[in-house]
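Given next are the chains, with one letter for each unit.
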Amino acid sequence: GENVEQHPSTLSVQEGDSAVIKCTYSDSASNYFPWYKQELGKRPQLIIDIRSNVGEKKDQRIAVTLNKTAKHFSLHITETQPEDSAVYFCAASKSSASKIIFGSGTRLSIRP
Amino acid sequence: EPEVTQTPSHQVTQMGQEVILRCVPISNHLYFYWYRQILGQKVEFLVSFYNNEISEKSEIFDDQFSVERPDGSNFTLKIRSTKLEDSAMYFCASSEMLGGAGTQYFGPGTRLLVL
């Protein structure tokens, strides 16, 4: 069935360093890959998304890469700041209006 | 910026009772969803709704669950006879599609506790 695997489950980085979170998906029909940030007790907030006709997308300190052949996609956060601390979920969907299949989440902690 | 809203923010109920969770999607959105998140776990899809009918549902969305769009603004999730394992955060989401980006925007959630 459809599945999204996410690694690592926890990640601690020094403030100012980069953080990388990696995901793989099983359904080759997936073509929309959003990333959500969730702070404790809050809603998932979309931070960036990528569609399958694009290999990389960047928005300030955040970038995502997609390798459709390998069914891998990754989130890169550069120059991390304390406010980046949260749980990050990768996700996959067959279209941006279809159900979203979430990964298991990565708890990112930024050490001062 | 328009947001999805949900009520109540918290709901405590006894096992076997019916609950209705309410959502007001973003006004020009056409697709509506319910997801749930058990504490400490990932977000799971329950159901999607378009053009006044269910588009897709997951295995979790059994006969105890139903959805309704009773008027032009509200979208509800009903659990007929709650079980302990229904305790979770329930998120409503909506997306525009039909020419829009189709990004799903999530509401703040309703934390349901079944005792």
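So, here is what we can say about the structure in this document. (Residues numbered from 1 in each chain as written. Chains lettered and ligands numbered in written order. Predicted model: local features only at pLDDT ≥ 70, side-chain atom pairs only at ≥ 80, totals over all residues. Heavy atoms only, no water.)

## Here's the deal with the side chain of T76 of chain B
All names here are of chain B.
Part 1: Relative to the helices and strands, T76 is located in strand β8 (residues 75-79).
Part 2: Classification of T76 by relative accessible area gives buried; the value is 9%.
Part 3: Sequence-distant contacts of T76, that is, excluding residues within four places in its chain, are made with I20, L21, R22, W34, S66, V67, E68 and P70. (Helix = DSSP H or I, 4+ residues; strand = E, 2+ residues; numbered from the N terminus. Buried < 20%, exposed > 50% of the residue type's maximum accessible area, 1.4 Å probe, protein only. Contact = heavy atoms within 4.5 Å.)

## Focus on the nonpolar core
Part 1: Counting residues in hydrophobic clusters, the biggest one holds 24 residues, and the most contacted among them are V4, W35, F73, L75 and L108 of chain A.
Part 2: Once residues lying within four places of it in the same chain are set aside, the contact partners of V4 of chain A are C23, T24, Y25, F73, C90, A92, I101, F102 and G103 of chain A. (Core = buried A, V, L, I, M, F, W, Y, C linked by side-chain atoms within 4.5 Å.)

## Things to note about the interface of chain A and chain B
Part 1: Chain A puts 20 residues into the contact, and the matching count from chain B is 22 residues.
Part 2: Here chain A and chain B share an interface that buries about 1,700 Å² over both sides, 53% of which is from carbon and sulfur atoms.
Part 3: There are 2 salt bridges connecting chain A and chain B.
Part 4: With a shortest N-O distance of 3.7 Å, E3 of chain B and R43 of chain A are connected by a salt bridge.
Part 5: Where chain A packs against chain B, one counts 7 residue pairs in polar contact (both at pLDDT 80 or more). (Buried area = accessible area lost by both parts, 1.4 Å probe. Salt bridge = Lys/Arg side-chain N within 4 Å of Asp/Glu carboxyl O. Polar contact = N/O pair within 3.5 Å; in protein donor to acceptor, adjacent residues only side chain to side chain.)

## Overview of the pairing of strand β5 (residues 43-50) of chain B
Residue and element names in this part refer to chain B.
Part 1: With 6 of its 8 residues buried, β5 lies for the most part within the structure.
Part 2: Summarising the sheet, strand β4 (residues 31-37) and β5 pair through 7 bridges and their orientation is antiparallel. Across the sheet, Y35 pairs through a bridge with F45, a residue of β5.
Part 3: From the end of β4 to the start of β5, which pair antiparallel, there are 5 residues, and G40 there has a positive phi angle of about 80°.
Part 4: Between the antiparallel neighbours β5 and strand β6 (residues 53-57) lie 2 residues, among them N51 with a positive phi of about 55°. (Pairing = 2+ DSSP bridges.)

## Observations regarding the state of the cysteines
Part 1: One pass over the structure, following the stated rule, counts 2 disulfides over all chains.
Part 2: Put simply, C23 of chain A and C90 of chain A are joined by a disulfide, and their sulfur atoms are 2.0 Å apart. Linking C23 of chain A and C90 of chain A, the disulfide has an S-S dihedral of approximately -100° and is accordingly described as left-handed. One end of the pair, C23 of chain A, is in strand β3 (residues 19-25); the other, C90 of chain A, is in strand β9 (residues 86-92), with 67 residues separating them in the sequence. The exposure classification of C23 of chain A matches that of C90 of chain A, with both residues buried.
Part 3: Note on cysteine connectivity: C23 of chain B is disulfide-linked to C92 of chain B, with sulfurs 1.9 Å apart. Because the sign of the S-S torsion sets the handedness, a value of about -65° for the bond joining C23 of chain B and C92 of chain B places this disulfide among the left-handed ones. (Disulfide = S-S within 2.5 Å.)

## Focus: the pattern of salt bridges
All names here are of chain A.
Part 1: With the rule as written, the count across this model stands at 9 salt bridges over all chains.
Part 2: Linking K57 and D49 is a salt bridge whose minimum nitrogen-to-oxygen distance equals 2.9 Å.
Part 3: Overall, K57 belongs to the partly exposed group, its relative accessible area being 35%.
Part 4: A relative accessible area of 9% places D49 in the buried class.

## Some words on the pairing of strand β5 (residues 45-51) of chain A
Residue and element names in this part refer to chain A.
Part 1: Alignment of strand β4 (residues 32-38) against β5, held across 6 bridges, turns out to be antiparallel. Bridge pairing in β5 links F33 to I50.
Part 2: What sits between β4 and β5 in their antiparallel hairpin is a turn of 6 residues, with G41 showing a positive phi close to 75°.

## Side note on the sheet that holds strand β7 (residues 65-68) of chain B
Residues and elements named next belong to chain B.
Part 1: Spatial strand order, β1-β3-β8-β7: 4 strands in an open sheet with antiparallel pairing. Each having just a single partner strand, β1 (5-7) and β7 make up the two edges of the open sheet. When the angles between neighbouring strand axes are averaged without regard to direction, this sheet yields 20°.
Part 2: In the sheet, strand β3 (residues 19-24) pairs with β8 via 5 bridges, with the strands oriented antiparallel. Opposite C23, over in β8, you have F75 as the bridge partner. (Axes fitted to C-alpha atoms, helices over the stretch in contact; angles between N-to-C directions.)

None of the figures reported here should be taken as evidence of function without further support.
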